Amino acid sequence: MENLLRPLIVIGGSVVLGLLIGWATDRLLRKADERHPETPLWGLLRRGRIPYQLVLCAALLRGSYDQAQLLQDHRVGVGRTFTLVLIGSAAWLVIRIAAAVVETSYTRYASSHAQRDPARVRRVRTQVTLITRVVAAVVGVVAAAAMLLTFPAFRAAGASLLASAGILGIVAGVAAQSTLGNMFAGLQIAFGDMVRIGDTVVVDGEWGTVEEITLTYLTVRTWDERRITMPVSYFTSKPFENWSRGTPQMTGTVYWHLDHTAPVAAMREKLRDILRECPAWDGRHYGVDVTDTTPNTMEVRALVTAKDADDVWTVRVTVRERMIAWLIHEHPYALPRVNTADAILPPGSNGRRPSPDGAAPRRAVETPRPERG
């Protein structure tokens, strides 16, 4: 009977004690979260209750297993298993605690700077995200190395590998490969302020918003809700447009191809009236200019301004639509059309067209001019 009760008491007591301590700690964190709603730290720390309970249970089982006198023939293997679980759960707990601390710091910073400098808040958000992933990667590598050191066959090799300076040469050599190259590019993006979460960018002709940045890839959400996933090394090796760099204010253009008789001065006045009724226009600037001509049409360009990329798109489509409607209703002659009138002959031809072979000129054939309705 003792051989049965001792393992049950030792193992069951360790598990129950670990769960009770974890439950009590969670209750204390919940009360602290209710008393201090101004900071999300205590609520974020509660996310680590599962790894915390695993650490407690693994530590108690590892320390009391010898007293249970169970599976003595496999004592070394069972003890090593508890050690591996303890190392893994401890690494998991450290990652959760670090993420809670970093997220709390970012939340406090964002709440005090969101209105004054939103671009800087997005930059800090990008850095915080990558810092959290770097911490997770470093803790994971250290935990894996610690697990290897628990095996006698790897202990000497692992200790010498971690202690020697040759590890730096190995890391530098492997960094030339694509995976670690992308990781270093991700750190360069985060702290070089090249692109941030929430920035409006144009890459490979696609316009979108940066939705996620990791150590190896970056996700851009396009205007039609597609997701483009690209390696972060793309943004450190190729040119791209960042419309959110500096100030988000933008100038947009609208083009029309109109007849040469189009009333450009009246179009300037109409553009002013359209913009005054458009909430997306920021009031900084507007203008209408003739930028090019062809034998049949002329190119008219309107300049409009807005506070960001989304608003400048709204202003452009509004101006384009309402100006065309106004021209159709008030100045239909200004729209492009096919000219069917007779050609004007050069002076001295006496109504005759020159013959291409040098013969006597022929009288031009009169083409009936269509009546305008």
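Residues numbered from 1 in each chain as written. Predicted model: local features only at pLDDT ≥ 70, side-chain atom pairs only at ≥ 80, totals over all residues. Heavy atoms only, no water.

Colleague: Explain the side chain of Thr209 residue by residue, including any values.
Modeller: Relative to the assigned elements, Thr209 resides in strand β2 (residues 206-213). Accessibility expressed as a relative area gives 17% for Thr209, which makes it buried. Excluding residues within four positions of it along the chain, Thr209 makes contact with Gly198, Asp199, Thr200, Thr219, Val220 and Arg221. (Helix = DSSP H or I, 4+ residues; strand = E, 2+ residues; numbered from the N terminus. Buried < 20%, exposed > 50% of the residue type's maximum accessible area, 1.4 Å probe, protein only. Contact = heavy atoms within 4.5 Å.)

Colleague: I'd love a proper account of unusual backbone geometry, names of residues and values included.
Modeller: One non-glycine residue with positive phi stands out, namely Asp204, at about 55°. Judged by relative accessible area, which is 62%, Asp204 ranks as exposed. Even without glycine at this site, Glu225 takes up a positive phi of about 70°. Inspection of the secondary structure assignment puts Glu225 in the loop between β3 (217-222) and β4 (227-231).

Colleague: Run through the environment of Arg30, naming residues and quoting values.
Modeller: Tracing the sequence through the fold places Arg30 in helix α1 (residues 2-35). Put simply, Arg30 and Trp42 are 12 residues apart on the chain and 7.1 Å apart in space, counted from C-alpha to C-alpha.

Colleague: Residues and numbers for the sheet that holds strand β8 (residues 298-306), please.
Modeller: Strand pairing in a sheet relies on backbone hydrogen bonds, with the paired strands running either antiparallel or parallel. A sheet is described by the order of its strands in space; here 3 strands give the open sequence β6-β8-β7, paired in antiparallel fashion. This sheet does not close on itself; its edge strands, each paired only once, are β6 (250-258) and β7 (281-293). In this sheet, neighbouring strand axes are inclined to one another by 20° on average, regardless of whether the strands run parallel or antiparallel. Docked against the sheet, helix α10 (residues 264-276) engages β6, β7 and β8, running at close to 155° with respect to β7. (Pairing = 2+ DSSP bridges. Axes fitted to C-alpha atoms, helices over the stretch in contact; angles between N-to-C directions.)

Colleague: So, the sheet that holds β2: which residues are in play, and what are the values?
Modeller: Judged by pairing direction, the sheet is antiparallel, and its 5 strands sit side by side in the order β4-β3-β2-β1-β5 without closing on themselves. Of all the strands in the sheet, the pair left with one neighbour each is β4 and β5 (241-242). By the bridge criterion, 4 bridges tie strand β1 (residues 200-203) to β2 in an arrangement that is antiparallel. The residue of β2 that forms the bridge with Val203 is Glu206.

Note that all results are geometric; they support no functional claim without further evidence.
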